[in-house]
Amino acid sequence: MTTETRAESDPINEQKLAELVETSLVDLGATVHASLAVIGDELGLYAALDEAGPLPSAELARKTDTAERYVREWLRAQAAGGYVTYDPETDRYELSPEQAYVLANKESPVFMPGAFQLVASAARIEPELREAFRTGEGIGWHEHDEDVFHGTERFFGPSYGSYLLDWIEALDGVDEKLKAGGRIADVGCGHGAPTIRMAEAYPNSTVIGIDYHEESIAVARERAETAGVADRVDFEAATAREYDGTDYDLVTMFNCFHDMGDPVGVAAHVRETLGEDGAWMIVEPYAEDRVEDNLTPFGRLAYSISTVACTPNSLSQEVGYGLGAQAGEEQTREVVTEGGFTRFRRAAETPTSLVFEAKP
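For clarity, every value in this text was computed on a predicted model and none was experimentally measured.

(A) Spatial organisation of unusual backbone geometry. Pro54 follows Gly53 through a cis peptide bond whose omega is 0°. Here Pro54 lies in the loop between helix H3 (45-52) and helix H4 (57-64). Not every positive phi belongs to a glycine, and Asn255 is a case in point at roughly 50°. With respect to the helices and strands, Asn255 occurs in the loop between strand S6 (248-254) and helix H13 (263-273). For Asn255, a relative accessible area of 12% gives the class buried.

Have a look at this one:
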């Protein structure tokens, strides 16, 4: 006896089939492209094109001390994906201003090589993730490849440099307090990019960066030394439910609240550590409240990274709430108010970020 699946028994729409196959081919190319983008960034291929292009493959190889045959194939792959511009009349390649802004300008808020580094390295945990699907167990942030941490810093760091001060200015009276001299706790600070940015912007304030990952805290201390702000920045290896200190004028969490195992407990601890009229700024990936409204290219990216890193990290901790990177405003509000906050609002947003302000 044979059993037909639904897919076998239902008629196939040839147009939809062709569209899905085309989508799969695009995704396959993008999957391979991620590692090529990392190579282009690390070997300085994008930077050299930005500085000197248009260039033939041999000249780009000479400038970057790389092998021409590899560079030639890399360039053709980049051109096919729209990341590099090719002139068939001269057989030369260059970066358009837009391509350079995305691929070569490390201060650009849409600088993407760090994101490619992040997703390429996150995929290395696939065997452990496959097993976690079977068992329901979590995978801690600290269990990922080191490039995940560096890629995260390089992906989010430029946007923090561009938007962070605007976000703080959108909070109720916080900017004035910090200019006069306040206390800031940056929880889930990672390598300290936003922590250091706030220390630079508010020299009269003291800032503490907090992260449970001790290796990231060590890197953050080095970054603060290099930036010249080590005298007014401190770092603590602690969880979001247990970090020290009270009377903070501002507690910040950048793209990490949804990663936490017990976000309600975290909210309760933040409330305990805030000073009078202190504010909690929560920056989360942009998301609508309904799943069907997040079925977009950005939503796909956020849900995918959430599946690989964010949700497993939450499930690895006590409670294992599993909020996820596309929780949206209403679900975030519910968690924050359950933790004891009475005021919650959307203070700012960008195409990829939601910025919330919570007060007791």
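(B) The arrangement of the environment of Glu225 in detail. Within the secondary structure, Glu225 is located in helix H12 (residues 214-227). By relative accessible area, which is 58% here, Glu225 ends up exposed.

(C) View of the side chain of Asp175. Topologically, Asp175 is positioned in helix H10 (residues 174-181). Within the local environment of Asp175, its side chain forms a polar contact with the side chain of Tyr202, the two groups lying 2.6 Å apart. Setting aside anything within four residues of it in sequence, one finds Asp175 in contact with Ile168, Glu169 and Tyr202.

(D) Focus on the packing of helix H9 (residues 146-169) against helix H11 (residues 193-201). For the pair H9 and H11, the least separation of the axes is 10 Å and the interaxial angle reads 50°. Taken as axis vectors, H9 and H11 run oblique relative to one another. Along this stretch, H9 crosses H11, giving a crossing that reads as right-handed. Here Gly157, Tyr160, Gly161, Leu164, Leu165 and Ile168 of H9 lie close against H11, whose contacting residues are Ala193, Pro194, Arg197, Met198 and Ala201. Along the lines of polarity and charge, the residues of the contact of H9 with H11 split into 8 nonpolar, 2 polar and 1 charged.

(E) Representation of the sheet that holds strand S7 (residues 274-285) within the structure. Judged by pairing direction, the sheet is mixed, and its 7 strands sit side by side in the order S5-S4-S3-S6-S7-S9-S8 without closing on themselves. What marks the edges here is a single partner per strand, and that holds for strand S5 (233-237) and strand S8 (343-350). With strand direction ignored, the average angle separating the axes of adjacent strands in the sheet is 20°. H13 rests against S6 and S7 of the sheet, and its axis sits at about 145° to S7.

(F) Representation of the packing of aromatic side chains within the structure. Under the definition given, this model contains 12 aromatic pairs. Here Trp280 and Phe341 contribute two aromatic rings whose centre-to-centre distance is 5.1 Å and whose plane-to-plane angle is 45°, an arrangement assigned as tilted. A residue pair is termed long-range when its members are at least 10 positions apart, and Trp280 in strand S7 and Phe341 in the loop between helix H15 (328-338) and S8 qualify at 61 residues. We classify Trp280 as buried; its relative accessible area is 0%. The ring of Tyr248 has Arg183 sitting right over it, with the charged end atom 4.6 Å from the ring centre.

(G) Structural context of a negative patch on the surface. A contiguous patch of negative charge on the surface is contributed by Asp87, Glu89, Asp91 and Glu94. Residue position: Glu94 is located in strand S2 (residues 92-94). Since its relative accessible area comes to 33%, Glu94 is described here as partly exposed.

(H) Examining the environment of Asp231 more closely. Examined against the element boundaries, Asp231 turns out to sit in the loop between H12 and S5. A C-alpha to C-alpha distance of 9.7 Å links Asp231 and Ala199, two positions 32 residues apart in sequence.

(I) Spatial organisation of the pairing of strand S9 (residues 353-359). For S9, the buried fraction is high: 7 of the 7 residues fall into the buried class. In this structure, S7 lies alongside S9, joined through 6 bridges in antiparallel fashion. Within the sheet, the bridge partner assigned to Pro285 lies in S9 and is Ser353. As defined by bridge partners, S8 adjoins S9 across 7 bridges and the pair is classed as antiparallel. Residue Phe344 lies in a different strand from S9, and its bridge partner there is Ala358. Where S8 folds back on S9, the antiparallel hairpin that results is connected by 2 residues.

(J) Region of the structure containing the layout of surface pockets. The calculated volume of the second largest pocket comes to roughly 470 Å³. Lining the second largest pocket we find 19 residues, and of these Glu107, Glu153, Gly157, Pro158 and Ala193 sit closest to its centre. Elements that contribute at least two residues to the lining of the second largest pocket include exactly H9, H11 and H12. It is H9 that contributes the most residues to the lining of the second largest pocket, 6 residues altogether. A breakdown of the residues in the lining of the second largest pocket according to their chemical character gives 7 nonpolar, 5 polar and 7 charged.

(K) Layout of H9. For H9, with 24 residues, the first-to-last C-alpha span of 34 Å sits near the 34 Å given by 1.5 Å per residue. At Tyr163, H9 is bent by approximately 50°, the largest bend along its length. Capping the start of H9 is the job of one residue whose side-chain oxygen sits 2.9 Å from the backbone nitrogen of Asp147: Asp145.

(L) Examining the pairing of S5 more closely. Here strand S4 (residues 206-211) pairs with S5 via 5 bridges, running parallel. In the strand pairing of S5, Ile210 is matched with Glu236.

The rules behind the values
- Numbering of residues starts from 1 in each chain and follows the order in which that chain's sequence is written.
- Given that this is a predicted model, residues contribute local features only at a pLDDT of at least 70 and side-chain atom pairs are listed and counted only at 80 or more, while totals for whole chains, interfaces and linings are drawn from all residues.
- Derived side-chain values reflect all non-hydrogen atoms in the structure, with water molecules and hydrogen atoms excluded from consideration.
- The numbering of helices and of strands both runs from the N terminus, where a helix is a DSSP run of H or I of at least 4 residues and a strand a run of E of at least 2.
- Note on exposure labels: buried denotes an accessible area under 20% of the residue type's maximum, exposed denotes more than 50%, and partly exposed covers the range between, all computed with a 1.4 Å probe on protein chains only.
- Between N or O atoms, a polar contact is any pair within 3.5 Å; within protein, one atom must be a potential hydrogen donor and the other a potential acceptor, and residues adjacent in sequence are included only when both atoms are from side chains.
- Every residue pair with non-hydrogen atoms within 4.5 Å of one another is taken to be in contact.
- A fitted line through C-alpha atoms serves as each axis, taken over the contacting stretch for helices, and the angle formed by two N-to-C directions is quoted from 0 to 180°.
- An angle below 35 degrees is read as roughly parallel, one above 145 as roughly antiparallel, one from 65 to 115 as roughly perpendicular, and any other as oblique.
- For a crossing to be left-handed, the near helix must be turned anticlockwise from the far one by less than a right angle; the clockwise case is right-handed.
- All amino acids are sorted into three groups, where Ala, Val, Leu, Ile, Met, Phe, Trp, Tyr, Cys and Pro are nonpolar, Asp, Glu, Lys and Arg are charged, and the leftover types, Gly among them, are polar.
- Any two strands are treated as partners once DSSP identifies two or more bridges connecting them.
- In this analysis, rings of Phe, Tyr and Trp, with Trp reduced to its six-membered ring, are considered paired at centre separations within 6.5 Å, and the interplanar angle assigns stacked below 30 degrees, edge-to-face beyond 60, and tilted for intermediate values.
- Either the NZ atom of lysine or the CZ atom of arginine qualifies as a charge over a ring when it sits within 6 Å of the ring centre and within 35 degrees of the ring normal.
- The patch calculation keeps residues exceeding 30% relative accessible area without a salt bridge and links them within 9 Å when they carry like charges or within 5 Å when they are nonpolar (Val, Leu, Ile, Met, Phe, Trp, Tyr).
- Accessible areas in this description were obtained via Shrake-Rupley with a 1.4 Å probe; residue shielding takes into account the shown protein chains only.
- When a carboxyl oxygen of Asp or Glu lies within 4 Å of a side-chain nitrogen of Lys or Arg, that pair is called a salt bridge.
- Under the counting rule used here, the positive set is Lys and Arg, the negative set is Asp and Glu, and His together with the chain ends is not counted.
- The atoms used to mark charge sites are NZ of Lys, CZ of Arg, CG of Asp and CD of Glu.
- Grid spacing is 1 Å over the protein atoms alone, the probe is 1.4 Å, and a cavity is where that probe fits but cannot get out, while a pocket is an open set with protein on both sides within 12 Å along at least five of seven lines and lining residues have an atom within 4 Å of a point.
- Grid points are joined across faces, edges and corners, and a volume is the space filled by probe spheres set on the points.
- The length a helix should cover is 1.5 Å for every residue beyond the first.
- A residue's bend is simply the angle between two axes: one fitted to the seven residues ending at it, one to the seven starting at it.

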